Amino acid sequence: VGSSFAADNELTDKEKADGWNLMFNGKDFTDWKMDKWNTNCFKIEDSSVKCYGKAAMLYYTKKADYKDFHFVATVMTKKGANSGIFFHTTYQDKGWPVGHEAQVNCTQGDPVKTGSVYIVQKYMKQAHQDDEWFKYEIIVKGNNVVTKVNGKVIANYTETSNDGRRKLSSGTFGLQSHDPGSVVF
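For clarity, every value in this text was computed on a predicted model and none was experimentally measured. (Residues numbered from 1 in each chain as written. Predicted model: local features only at pLDDT ≥ 70, side-chain atom pairs only at ≥ 80, totals over all residues. Heavy atoms only, no water.)

Caption draft 1: The arrangement of the sheet that holds strand β4 (residues 56-60) in detail. Within the open sheet, the five strands sit side by side as β1-β4-β11-β6-β7. Their pairing is antiparallel. Unpaired on one side and paired on the other, β1 (32-34) and β7 (100-105) mark the two borders of the sheet. The mean angle between the axes of side-by-side strands here comes to 20°, regardless of whether they run parallel or antiparallel. Summarising the sheet, β4 and strand β11 (residues 172-177) pair through four bridges and their orientation is antiparallel. Bridge pairing in β11 places Tyr59 opposite Gly174. (Pairing = 2+ DSSP bridges. Helix = DSSP H or I, 4+ residues; strand = E, 2+ residues; numbered from the N terminus. Axes fitted to C-alpha atoms, helices over the stretch in contact; angles between N-to-C directions.)

What follows is the structure in C-alpha cells.
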C-alpha cells in the first residue's frame, strides 16, 4: 500500500537492498507456527492470513531476535473484530504471549483501538474503517515505539527506566485470533 512499499507479498529490488524481509509469501504458513491453544483459527484466504475463531496465536519463526525494526502490514477488520500484532515476544503453546501488542480494533467493544500499544499507550478513537484495507506500521527504535495507520502517527510511546509496565526487549512477531466473533485479515 502506498508508493513507498511494494505490492503485498513481494519486495522491490530497492526494498531488498535496503534490508527489508518478506515475512509472508501469500501462499502458505512457511516460517510461521500456530500455537496449540486452539487449532483451526488461521487460514490463507485470497493471499492473506485470516484470523478467526477462538483465542489463538500464530508466530513468526524464521527469525526470533528482532529488536529495532519497521514492520509493515496491510490489514482489514470485519465489523466487531478484535486482534493484535504482538512484537518482542516468543512462541508459547497457549495463552496470550509476553511482549507488546499493537492493537487491531475498529468497532469491537474494547475501547482500546487500532494503533494503541496495548497496556502502555491507549488510543480510544477509530483510526480506520471496517471492511477496508489499511496500512499498519510498527516502528521500534531503542526505547521508542511508533505506530502508524495509513501514514498517520497513532502512538508515540517512549519507555522510561522507571516504567514498571512491560519492557521493550527483542523477539519475534505473533498474530492474534481473539474470539469467535472476530475476523481480521
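Next, the rest of the story.
Caption draft 2: Examining the packing of aromatic side chains more closely. All told, the structure shown has 10 aromatic pairs when counted by the stated rule. Judged by centre distance (5.1 Å) and plane angle (70°), the ring pair of Tyr59 and Tyr91 falls under edge-to-face. Taken together, the residues Tyr59 in strand β4 and Tyr91 in the loop between β6 (82-89) and β7 connect sequence positions 32 residues apart. Among the aromatic residues, those joined into a ring-pair cluster are Trp32, Tyr60, Tyr66, Phe69, Phe71, Phe87 and Phe173. (Phe/Tyr/Trp six-rings, centres within 6.5 Å; stacked < 30°, edge-to-face > 60°.)

Caption draft 3: Up close: the side chain of Glu159. Checked against the element boundaries, Glu159 lands in the loop between β10 (152-158) and β11. Notably, Glu159 is buried but unbridged: the nearest opposite-charge side chain belongs to Lys167, and the N-O separation is 4.8 Å. (Buried < 20%, exposed > 50% of the residue type's maximum accessible area, 1.4 Å probe, protein only. Lys, Arg positive; Asp, Glu negative; His and termini not counted. Salt bridge = Lys/Arg side-chain N within 4 Å of Asp/Glu carboxyl O.)

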